[in-house]
Amino acid sequence: LEPKLVPVTLPDFGAPEEDEPLLGKAVYAARHARLLKAMKKADYDAVVIYGDREHVANISWASGYDPRFEEALYVVVPGQQPTLFAGNEGLPYAELAGADFTRVLWQPLSLMGQPRDRYKPLRRLLKAAGLKRGMRIGLAGWKGFETEDGEFDPGWFETPHYLVKALRDFGDVENAALLFMHPERGLRSINEAAQLARFEYAATLASDAIRRFVLNAKPGLTEYEACLNLQLNGFPLSTHINMCAGPRAKYGLPSPSSRRLEEGDPIVVGHGLMGALNCRAGFLVRDESGLPEGAKDYVAKLVSPYFAAAAAWYKTVGVGVSGGDIYKAVMKHVGDPFFGVGLNPGHLIHLDEWVHSPMKKNSTQRLRSGMALQCDIIPATGTDYFMSNIEDGIALADEELRVAFAKIYPEAWARITARRTYMARETGIELKPEILPFSSIPAWLPPFWMSPNQAMKRG
């Protein structure tokens, strides 16, 4: 069924009216129990989690503490309350975190030039937090060293040297990032209903922002002025806004500038909140007559097969499906070198925009209920055809999780149900029961942004 450009009405699925879903102490207590169980299975006597402003997800998952200006450490030892190490500004702020832990000031985590008048040696504080000589310690930062075939080096550390050195005084230390981030069994790979509800809340805000941007993009606006249509409300960001048009658009990642949009521009916009990211790309034209001279068949050559790949992603993804099967289904449509698809066709998403991905060639890793996933297939052609993009989030939920979610979060469930109906009717994409679309622009792909009522549909 070859996708075609047709009139499509994108409904307003509604902004959240209820208070944002929050994670209570019971959630963090259950996570602590899961972490202790995983530590025992991995034969760790202790786990130390490092976090900073950009790498918040693992430490926030365990503690509810979201580092701001400083770094932070979280020490977990079975049999005693966890300890959070914070700097001058983070210590009082940590009172807002959701988990139960002991707060400890370690001033070297503070910014340079701030007071160090209450400094104590790190090793002394780690000992007070429960570390002992002879321990086997897992140190989790935000990534590890992997080979192309998935081999993981536990002796490779991206966390600060001072921390690795201090921990080695207590025993053997290895990289424990996969304890949280393994694409099949990581602690953050499987989410509770409360966490998924918060991700849906974030996705609603983020996707509505992208919708407003696309619908209001017009020649003459500066990129900064165009971004005012995102109407950000202060929900925590997971990425900088990536928005650019014209010559810079091919790079995808730049921030907006004072350049004015021009009719005929290639254009891309992406916006990430903690738990969600949405992105779209196309041309600022009314129809194919405004496209570059050598790319008048943009829709037929690039957008249509790309949309077929996205539809195949949605059709294939599901509980128990292997990442290799998803890769195969997608690359059947965009595997030609012309499309320039160099990254995984999708990945896990959490507070960080990219956790890990089971979706790669020949992967046997299987998707599970509770996973939050991003449809993220990027055709970077490097030609006048530019690119196309549908980047939206979903969750996988078995029947038990769906029933619980619908009961606790009826407003979010109504949006999810409406999105599933829209996708079937307007995009031609039928979803398995376990797929919960979180984006309010689900599979909406208008290639010509000055005619946004024309979008792709599976034939």
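Let me begin by describing the structure that accompanies this report. It should be emphasised that the depicted structure is a prediction, and the values quoted were computed from it without experimental measurement.

Within soluble globular proteins, side chains that are nonpolar generally end up buried alongside one another. Among the nonpolar cores identified, the biggest contains 136 residues, and Leu179, Phe180, Phe213, Trp313 and Leu373 are the most heavily contacted of them. Top contributing element to this core by residue count: helix α7 (residues 193-216), with 14 residues. When neighbours within four sequence positions are excluded, Leu373 is seen to be in contact with Trp313, Val317, His347, Leu348, Ile349, Met359, Leu367, Asp392, Gly393, Ile394 and Leu396.

This part covers α7. Over its 24 residues, α7 runs 34 Å from end to end, which matches the ideal 34 Å to within 8%, given 1.5 Å per residue. The element α7 is largely enclosed, with a buried count of 21 among its 24 residues.

On to the pattern of salt bridges. Taken as a whole and judged by the stated rule, the model has 18 salt bridges. Between Glu200 and Arg419 there is a salt bridge whose closest N-O contact spans 3.0 Å. Pair noted here: Glu200 is in helix α7 and Arg419 is in helix α12 (residues 410-427), with a separation of 219 residues, a long-range link. Neither Glu200 nor Arg419 differs from the other in exposure class; each is buried. Ionic pairing is found between Asp265 and Arg259, a salt bridge with its closest N-O pair at 2.9 Å. The exposure class assigned to Asp265 is buried, which follows from its relative accessible area of 5%. On the accessibility criterion, Arg259 (23% relative accessible area) is partly exposed.

With that settled, the discussion passes to the packing of helix α9 (residues 298-316) against helix α10 (residues 323-334). Each pair of packed helices can be described by the angle between their axes along with the distance between the axes. Interhelical geometry of α9 versus α10 gives an angle of 165 degrees and a closest axis separation of 8 Å. Looking at the two axes, α9 sits roughly antiparallel to α10. Here the hand of the crossing between α9 and α10 comes out right-handed. Residues Pro305, Tyr306, Ala308, Ala309, Ala312, Trp313 and Thr316 of α9 pack against Asp325, Ile326, Ala329, Val330, His333 and Val334 of α10.

What follows is about the packing of helix α11 (residues 399-408) against α12. α12 packs onto α11 with a crossing angle of 120 degrees between their chain directions and a minimal axis gap of 5 Å. The angle between α11 and α12 falls in the class oblique. Here α11 contributes Arg402, Phe405, Ala406, Lys407 and Ile408 to the contact with α12, which in turn contributes Pro410, Ala412, Trp413 and Ile416. Of the residues that constitute the contact of α11 with α12, the class distribution is seven nonpolar, no polar and two charged.

Let's shift gears to the packing of aromatic side chains. Evaluation of the coordinates by the stated rule reveals 16 aromatic pairs. For the pair Phe405 and Tyr409, a centre-to-centre distance of 5.4 Å together with 55 degrees between the ring planes defines the contact as tilted. In this structure, Phe405 and Tyr409 share a single accessibility class: buried. On the numbers, 6.1 Å between centres and 50 degrees between planes, the contact of Phe405 with Trp413 is tilted. Cluster of aromatic residues (ring-pair linked, three or more members): Phe283, Tyr298 and Phe386. Here the basic side chain of Arg31 rests over the ring of Tyr28, its NZ or CZ set 5.4 Å away from the ring centre. Positioned above the aromatic ring of Phe338 is the side chain of Lys301, whose terminal nitrogen or guanidinium carbon lies 4.7 Å from the ring centre.

On to the state of the cysteines, then. In total, this model carries zero disulfides according to the counting rule given. Its sulfur unpaired, Cys227 is 9.7 Å from the next cysteine sulfur, which belongs to Cys244.

For strand β12 (residues 276-283), the buried fraction is high: eight of the eight residues fall into the buried class. Of the two faces of β12, the one lined by Ala276, Asn278, Arg280 and Gly282 and the one lined by Leu277, Cys279, Ala281 and Phe283 are each fully buried. Here strand β11 (residues 266-273) runs beside β12; their pairing, made up of eight bridges, is antiparallel. Looking at the pairing, Leu273 lines up with Ala276 of β12. The turn joining β11 and β12, which pair antiparallel and follow one another in sequence, is formed by two residues; a positive phi near 105 degrees is taken by Gly275. The pairing of β12 with strand β15 (residues 389-396) spans three bridges and is antiparallel. Residue pairing for β15: Arg280 is matched across the bridge by Ile390.

So, how was this worked out
- Residues numbered from 1 in each chain as written.
- Predicted model: local features only at pLDDT ≥ 70, side-chain atom pairs only at ≥ 80, totals over all residues.
- Heavy atoms only, no water.
- Core = buried A, V, L, I, M, F, W, Y, C linked by side-chain atoms within 4.5 Å.
- Buried < 20%, exposed > 50% of the residue type's maximum accessible area, 1.4 Å probe, protein only.
- Helix = DSSP H or I, 4+ residues; strand = E, 2+ residues; numbered from the N terminus.
- Contact = heavy atoms within 4.5 Å.
- Expected span 1.5 Å × (residues − 1).
- Salt bridge = Lys/Arg side-chain N within 4 Å of Asp/Glu carboxyl O.
- Axes fitted to C-alpha atoms, helices over the stretch in contact; angles between N-to-C directions.
- Parallel < 35°, antiparallel > 145°, perpendicular 65-115°, else oblique.
- Left-handed = near helix turned anticlockwise from the far one by under 90°.
- Nonpolar A, V, L, I, M, F, W, Y, C, P; charged D, E, K, R; others polar.
- Phe/Tyr/Trp six-rings, centres within 6.5 Å; stacked < 30°, edge-to-face > 60°.
- Lys NZ or Arg CZ within 6 Å of the ring centre and 35° of its normal.
- Disulfide = S-S within 2.5 Å.
- Pairing = 2+ DSSP bridges.

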